[in-house]
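Structural description and commentary
Chain by chain, the residues run as shown.
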Amino acid sequence: MKSIWTTLRKLFTVLPEGAKSYYVRYSIATGLLAILDTLALALIVLVVTPLASGKPIELPLLGVMPQNATIWIVVAICVLFILKGVFAVVLHWFATRRFARYELYVGDQLFRGYTRASWEKRSQMSTAEVTRVVDSSMANTNIGFILPLSQIPGNALTFVSALAVLVVAQPFTALIAFVYLSLVSAFMLFVVSRRSQRAGRNNRKYAYRAATIMTEMVDALKEVVLRDKLDEIGRVVSKNRSVATRARANISFLGIVPKYAFESALIGGFLIIGGAAYLRGGFSEALVAISLFAASGFRMMPAMNAVQASFTSAAANQVYAQDVIRELTDLRSGTGIQEEHQDVAELPTGPQSLTLENVHFRYPGAADDVLSNVSFKVPFGSSLAIVGPSGSGKSTLIDLLLGLSVPTSGSMRIDGAELRDVMRQWRNRVGYVPQRVALFDASIAQNVALTWESDYDSERVIHALQRAHLGELADRGAGIEERVGERGASISGGQQQRLGIARALYSDPFVMVMDEATSALDTATENRVTESMRELQGEVTFITVAHRLATIREYDQVCYLDRGEILGNGTFEEVVEQVPEFRLQAELAGLL
Ligand SMILES: Nc1ncnc2c1ncn2[C@@H]1O[C@H](COP(=O)(O)OP(=O)(O)OP(=O)(O)O)[C@@H](O)[C@H]1O
């Protein structure tokens, strides 16, 4: 239980300013509601019996009321109930909106944290993890942790006021009831809350695992179907989901256990309290104690039950609150965050060359450099092919050239400007075409302009499509407004790839970085695309990672990487002379 309060306290240190005082005010207000509720009920009790027997009403402190006041007392009770209802509705309306604002605020912060995370950290997070961190963690924290805990003061007050009545009426019975009920509550807290906590952790862990596997399956659907792995995945997903669903079943089961346990405890209470009173003052004392305990117990038990239910829910969802705290604390302390370099210089308007000098790169936490001593110069308007065996560091080098990662040491310059000083402007002028272009379910134009809104320039979209030899898409159906379907389902693989090229061309890039971008195309389409690129040569610089040597035969410069070092650099023929392995590959490809 202590850890729940500690988590709540820590949560307020990361929620927006004023959240804590609002929460305290809200909890007090729900407490007042509980008092109003008790007051109205007490009035009913005091009024109903005299009304039924025709006797005058007697109120505490005010004494015997005159006959003509009866109607006003009844009106007062009705008003009190209506007031309580209105107050409760208004209070909860405002509170739920306020907590939704906190949820939005935290979600935005966490998403900002994700977008500011270092490239290395970000690229390791799965879709399921991003969704969990940014969306579901705070939603669960709100509904399952913060709100239930806010109900505790009100219910505790109800309990205390009922106990107070008992103390006034019969202190001895009140003492026994208090000790007995405290022991029952402590037992429930210990047993139920702990199990809820464990169930909450299991639910989060295994539900997340199942979601991750399902996303991975969708990504590799074709291979999965071909290898007949759907059943296997079904089994693995089901195994994880069965732990998660069992955990969720436990959470809801543990949520209802207190109700029945407290009801049984009430019966036990009659025996204990009645027995103790009997030993003290005989049968009549036992009868009075039991009826008093029954009267107050029926108010105390639901309150205790509600408190316990709040703790059960909080325990089950504490793990999400802890996630939120950890992520926001990391975000504020800058852990794993790569501060965006603010540009401190102007990117040259007509740059002449990109120069790398003694560039080293090491992934965070890795023992060795992935790139060492990489130096070369690419004149703008020329073409560079990066080749080398698998794992030699080609993609890592591409990330550096794109301005996504920053060298551990060494210098990357565009003319005289250090790349890190003009990073943002640079990223805007680099077009990137990956091996498999990721299209989203929106229009062709939105995919080309890479926007989820409608603020694209239609003429530029059409121009980019034409340059990528994809003008036909602009002419069919709804033209550039036509949707491409989920992951580009309604257009062919070759068209998807050319759409990626059009996307890269849309920003009018200085440099086009292609990561095996034409490898998915058939020879005829590849030739057309290569042809269209040739048309751009001199205007745009091409940097290409290539395995198929035929595609880079005409490149101005070839850079051969092996284990992060450059073994050969020059024209295709020069690298053939410098690197025997490259010669062998060129021979095998029939290029020599
Ligand atoms: N995020 C990462 N963290 C740690 N090491 C990494 C990370 N990404 C890549 N590496 C390591 O860096 C090395 C170079 O990887 P890289 O992907 O750059 O090679 P590559 O030449 O592009 O390979 P391929 O041709 O197979 O795509 C590899 O040893 C790889 O294991």
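This structure is a prediction, so every number in the text was calculated from the model and none was measured.

1. Notes on the site of the ligand
The environment of the ligand is made up of Glu120, Tyr363, Ala366, Val370, Gly388, Ser390, Gly391, Ser392, Gly393, Lys394, Ser395 and Thr396. Here the element with the most residues in the shell around the ligand is helix H10 (residues 394-402); it accounts for three residues. Partitioning the shell around the ligand into residue classes produces three nonpolar, seven polar and two charged.

2. Some points on the environment of asparagine 140
Positionally, asparagine 140 belongs in helix H5 (residues 127-150). We classify asparagine 140 as buried; it has 24 C-beta atoms within 10 Å. Spatially, the C-alpha atom of asparagine 140 lies 7.8 Å from that of alanine 321, the residues being 181 residues apart in sequence. Beyond its immediate sequence surroundings of up to four residues, asparagine 140 is in contact with Asn317 and Tyr320.

3. Structural notes on the UniProt feature "transmembrane region" (unreviewed entry) in the protein
Summarizing the sequence annotation, UniProt attributes the feature "transmembrane region" (unreviewed entry) to residues 28-51, 71-95, 145-166, 172-192 and 260-279 in the numbering used throughout. Across residues 172-192, helical content stands at 100% and strand content at 0%; the span's end C-alpha atoms are separated by 30 Å. A helix fraction of 100% and a strand fraction of 0% characterise residues 260-279, whose end C-alpha atoms lie 29 Å from each other.

4. Some thoughts on the pairing of strand E11 (residues 557-562)
Within a regular strand, the side chains alternate between the two sheet faces. Here E11 lies mainly inside the structure; five of its six residues are buried. Two strands pair when backbone bridges link them, and strand E5 (residues 383-387) and E11 are joined in this way by four bridges, in the parallel orientation. Within the sheet, the bridge partner assigned to isoleucine 386 lies in E11 and is cysteine 559. Pairing analysis gives five bridges linking E11 to strand E12 (residues 565-570), with the strands arranged antiparallel. Its bridge partner being in E12, tyrosine 560 is matched across the sheet by glycine 568. Count of turn residues in the E11/E12 antiparallel hairpin: two residues, of which arginine 563 carries a positive phi of about 45 degrees.

5. A word on unusual backbone geometry
Of note in the backbone geometry, asparagine 358 takes a positive phi value of approximately 45 degrees without being a glycine. Residue placement: asparagine 358 occurs in strand E3 (residues 353-361). According to the C-beta neighbour criterion, asparagine 358 is exposed, with 12 such atoms within 10 Å. Located in the positive-phi region is arginine 563, a residue other than glycine, with phi close to 45 degrees.

6. Focus: the confidence of the model for the protein
Per-chain confidence: the protein averages 83 in pLDDT, with 94% of residues scoring 70 or above. Taken together, the chains of this predicted complex give a pTM of 0.65 and an interface ipTM of 0.96.

7. Here's the deal with the sheet that holds strand E6 (residues 409-414)
Strand order across the open sheet formed by four strands is E4-E3-E6-E7, with antiparallel pairing between neighbours. Pairing within the sheet leaves two strands with one partner each, and these edge strands are strand E4 (371-379) and strand E7 (417-418). Of the strand pairs in this sheet, E3 and E6 are connected by five bridges, and their pairing is antiparallel. Opposite leucine 354, over in E6, you have isoleucine 414 as the bridge partner.

8. Brief notes about the sheet that holds strand E8 (residues 430-433)
What the six strands build is an open sheet, ordered E8-E9-E10-E5-E11-E12; its pairing is mixed. Among the strands making up the open sheet, the edge pair consists of E8 and E12. Between one strand and the next, the sheet's axes are offset by a mean angle of 15 degrees, whatever the strand orientation. Note that strand E9 (residues 511-515) and strand E10 (residues 541-545) share five bridges and pair parallel. The partner of methionine 512 across the bridge, within E10, is phenylalanine 542. Along the sheet, H10 makes contact with E5, E8, E9, E10 and E11, crossing E9 at roughly 155 degrees. The sheet contacts of helix H15 (residues 493-506) involve E8 and E9, and relative to E8 the element is tilted by about 170 degrees.

The rules behind each value
- Residues numbered from 1 in each chain as written.
- Predicted model: local features only at pLDDT ≥ 70, side-chain atom pairs only at ≥ 80, totals over all residues.
- Near = placed C-beta within 6 Å.
- Helix = DSSP H or I, 4+ residues; strand = E, 2+ residues; numbered from the N terminus.
- Nonpolar A, V, L, I, M, F, W, Y, C, P; charged D, E, K, R; others polar.
- Buried ≥ 20, exposed ≤ 12 C-beta atoms within 10 Å, placed from the backbone.
- Contact = placed C-beta atoms within 7 Å.
- UniProt positions renumbered as here; feature names shortened; annotations may be inferred.
- Pairing = 2+ DSSP bridges.
- pLDDT = per-residue confidence, 0-100.
- Axes fitted to C-alpha atoms, helices over the stretch in contact; angles between N-to-C directions.

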